[in-house]
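Structure assessment
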Amino acid sequence: PGRTQSDEPPDSPAADLFVRARPQRAQAYVGEQVVVDYVLAYDPLSVQPRDSQLLGPWDAEGFWREELDVPQRETLPRQVSGAGRDLRAVTVKRVALFPARSGTLTVEPVAFEIGALRGTPRQGLFRSPFFSRSRSEEVASEPVVVNVRPLPDGAPASFNGAVGAFTMQFAFDDRAIRDGVEIGEPIEMAVQIEGTGNVATLAAPAWTPPDGVAAYPPNAREALDRRRIPLEGRKTFTYALVLQRGGSLLRPSVTWTYFEPAFERYQTLTSEPVPLDVNGPAGVIPEASVADAAPAVVIPELLPASDWKRQRDVRPLHRSMRFWGAVGLPLLALLDMVAL
């Protein structure tokens, strides 16, 4: 419910150049992702847009926002219909919004400066650029209204605000599991959370180190795939552990909970504990000895490195400096010869 089903600009106005905001949905839970497309529509018989840029600052109060990439195919004109006219449309902006509170939230209009080429109406289909004039025009979208519902009651203690659809992977130093480790030797543990949601604000899973294990606050790194709709990403939390006693220990178990809007329920993910052999006396070594332990080693990537790259749209030929350099230099040389 609330999804826009058509690529056509709704309620196209009489103007021949306008911007429409197309939200993916009109209702969402707190923290649920809402993708909004800003589509520039125009009448090709009277105007030809050349470029666009955001005009002034833009804010979405009450939302966390992430800019998304617009694929090149969506920046090329496509035919749409509106108010009984055949129009052309291009996507000029795409953003993922995450509501931070419940209630009716409004995203203010987004203003754009459009460089457009206009001709006289009588020229019609045979309008020539030599008889047209170029000018900058300001157009703005309508505001976007999202009805935001609060999350349901009954969240488990391991829930820390994550909303979306996620998976969790748990990685440990394979060498430590296979060969065992020495008492006081630092090792690393990684927890990776991946899915569709606000990855940037994901909090580290809460867990309690087992007896005989000292844990330090994790380092976090994230990667976002801004080409995806909805936005996807992954976040990896890497913990440094120091084993304080010998014997057989259980690898820590991590529990993490998120709310999945598609099923309207809380989902809990839990890693399974694995036995870990520690070489050394069974008694817990003093804290001073832990502090004097060898500095933490850097273990190679426990999880596959992200291969996501921000997509770059291919620049049109007429906007390439190399193109104009190749065309302009011979022309300048010819003019110089004529002048001489």
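Predicted model, so just to flag it, every value in this text is computed and none were measured.

Pairing within the open sheet is mixed, and its three strands lie in the order β2-β11-β8. Among the strands making up the open sheet, the edge pair consists of β2 (27-29) and β8 (103-107). Adjacent strand axes in the sheet meet at a mean angle of 35° when their direction is disregarded. Of the pairings in the sheet, the one linking β2 to strand β11 (residues 144-149) comprises three bridges and is parallel in character. Of the residues in β11, the one forming a bridge with glutamine 27 is asparagine 147.

Looking now at the pattern of salt bridges. If charged atoms from side chains of opposite charge come close, those side chains can pair. Enumeration according to the criterion identifies 16 salt bridges in this entry. With its nearest N and O atoms 3.2 Å apart, the salt bridge here joins glutamate 137 to arginine 135. Among the salt bridges present, the one from glutamate 194 reaches arginine 234, with a minimum N-O distance of 3.5 Å. One end of the pair, glutamate 194, is in strand β14 (residues 186-197); the other, arginine 234, is in strand β17 (residues 232-243), with 40 residues separating them in the sequence. Given the relative accessible area of 21%, glutamate 194 is considered partly exposed.

Applying the stated rule across the entire model yields nine aromatic pairs. Plain terms: the ring middles of tyrosine 29 and phenylalanine 259 are 5.0 Å apart, the flat faces sit at 70° to each other, and that makes the pair edge-to-face. Here tyrosine 29, found in strand β2, pairs with phenylalanine 259, found in strand β19 (residues 255-260); they are 230 residues apart in sequence, far enough to count as distant. Exposure remark for tyrosine 29: the relative accessible area of 9% places this residue in the buried category. Given a relative accessible area of 0%, phenylalanine 259 falls into the buried group. With centroids separated by 5.3 Å and ring planes inclined at 85°, the aromatic side chains of tryptophan 207 and tyrosine 239 adopt a geometry described as edge-to-face. With tryptophan 207 in the loop between β14 and β15 (213-215) and tyrosine 239 in strand β17, this pair connects stretches of sequence that are 32 residues apart. With respect to burial, tryptophan 207 and tyrosine 239 carry one shared label: buried.

Here is what the cut-offs are and how they apply
Residues numbered from 1 in each chain as written. Predicted model: local features only at pLDDT ≥ 70, side-chain atom pairs only at ≥ 80, totals over all residues. Heavy atoms only, no water. Pairing = 2+ DSSP bridges. Helix = DSSP H or I, 4+ residues; strand = E, 2+ residues; numbered from the N terminus. Axes fitted to C-alpha atoms, helices over the stretch in contact; angles between N-to-C directions. Salt bridge = Lys/Arg side-chain N within 4 Å of Asp/Glu carboxyl O. Buried < 20%, exposed > 50% of the residue type's maximum accessible area, 1.4 Å probe, protein only. Phe/Tyr/Trp six-rings, centres within 6.5 Å; stacked < 30°, edge-to-face > 60°.

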